[in-house]
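Understanding the architecture of this molecule
Now for the letters of each chain:
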Amino acid sequence: MTTHWILGPGAIGRLLAHSLAPIAATALVGRRSLPEQQALTTLEGEQRVQQLKVLTVAQLGSGTHEPPAFVHITTKAMAAESALAGIAETIPPTTPLVLWQNGFLAQPRITQAWPGPVLCATTTEGAYLVGDAGVVHAGRGHTYVGDLHNQHSDLAEALAQALTQAGLAATAVSDIRQRLWQKLAVNAAINPLVAIHGVRNGELRGEAYSGHVEAVVKEVAAIMYAEGIQSPNGGEGENAWLALVWQVVKNTANNKASMLQDVEAKRLTERGAILGPLIESAQRYGLVSKVLQELDDELAVLEAGC
Ligand SMILES: NC(=O)C1=CN([C@@H]2O[C@H](COP(=O)(O)OP(=O)(O)OC[C@H]3O[C@@H](n4cnc5c(N)ncnc54)[C@H](OP(=O)(O)O)[C@@H]3O)[C@@H](O)[C@H]2O)C=CC1
Ligand SMILES: CC(C)(CO)C(=O)C(=O)O
């Protein structure tokens, strides 16, 4: 039976564990112990309680385990490399990894460093935690899976099939880098502003913020062009990016974006994975990133108060 280890028992990790457990051997691996009895609130509002196999990183190190077919890393972006380092000695170096992070920080680094296959997943599923024993599946989405160098299409296909069978619709793709950067562009236009101003996504449409959104998108669109990332929905340039951002703002108007949730909970944000690659790319291509840099500086100040 295919064995999935899920490293990082947070919102996405628990959603994955609940979904995969009925069809595959699944273990949820964290740095602290959690109850084995875990509840999922489904999209329909039903509560489903399951006994999940829950292990700590320390327990993995002290026991003998059948090597997993996949290790999913479901930590926040800035924790992915250290989380992997914590279990690297306990798995064969050929083990396929699946990176679920937003942004583009962990993906290139781990792809370069890990000897085995590294798949990246980008998902629009939505989930949030309720204490140590609960997760709410808050929004149905779609997951795309692929590897940065297009060398593991069979593995991506097998994973997409398993996820789909588990109830999380997924497709294997050959352009995962494009998709990761496109999502990053949208996250860069929305997340820092709502996190800094403490507003829900829909409020960005107001006079107080819409000009700032446009200024961010102007810089982001130029960076996307330099990076060779296709404009969304068959459109061209800045206007296409702006249209996509406003569409997502509209669709998620009532959302508290993940970065705002992190700021409110006094956690570090994923700014390094979202703004970081954009600012770095702008520097590499000699492009302006003044607005992005200012947002990054403001978030750094907020984080310093954590
Ligand atoms: N939630 C969502 O709807 C979506 C999330 N994403 C992306 O998925 C990723 C995960 O997000 P999300 O699930 O919301 O995050 P959470 O903060 O809910 O979960 C992160 C988990 O990682 C664990 N963790 C941190 N460090 C380690 C470590 N060294 N070893 C093992 N576990 C560790 C944390 O454990 P601890 O409790 O000990 O801190 C926590 O359980 C992010 O990149 C996010 O942007 C993408 C789309 C949607
Ligand atoms: C698209 C958006 C901004 C929706 O809230 C998101 O992905 C997030 O909150 O991180």
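Residues numbered from 1 in each chain as written. Chains lettered and ligands numbered in written order. Predicted model: local features only at pLDDT ≥ 70, side-chain atom pairs only at ≥ 80, totals over all residues.

**With respect to the overall build of the chain**
- Regarding its fold elements, the chain presents 11 helices and 12 strands.
- At 19 Å, the chain has a C-alpha radius of gyration in line with the 19 Å of a compact globule built from 306 residues.
- C-alpha atoms of the chain, sized along the principal axes, occupy 55 × 40 × 35 Å.
- The proportion of buried residues among the 306 residues of the chain is 42%.
- Within the chain, contacts between residues separated by at least 24 positions form 65% of all contacts whose residues are at least 6 apart in sequence. (Helix = DSSP H or I, 4+ residues; strand = E, 2+ residues; numbered from the N terminus. Rg over C-alpha atoms; globule rule 2.2 N^0.38 Å. Buried ≥ 20, exposed ≤ 12 C-beta atoms within 10 Å, placed from the backbone. Contact = placed C-beta atoms within 7 Å.)

**Section: the environment of Ala17**
- The residue Ala17 is located in helix α1 (residues 11-20) in this model.
- If near-sequence neighbours (up to four positions away) are discounted, Ala17 is found in contact with Ile6, Thr26, Leu28 and Leu52.

**Some words on the domain arrangement of the chain**
- Taken as a whole, the chain is organised into domain 1 (3-173) and domain 2 (177-304).
- Taking only C-alpha atoms into account, the centre of domain 1 sits 26 Å from that of domain 2.
- In this assembly, 15 residues from domain 1 lie in contact with 14 residues from domain 2.
- The set of elements that each furnish at least two residues to the side of domain 1 that touches domain 2 consists of α4 (106-113) and β8 (118-123).
- The class makeup of the residues in the side of domain 1 that touches domain 2 is nine nonpolar, five polar and one charged. (Domains from an automatic or database assignment. Nonpolar A, V, L, I, M, F, W, Y, C, P; charged D, E, K, R; others polar.)

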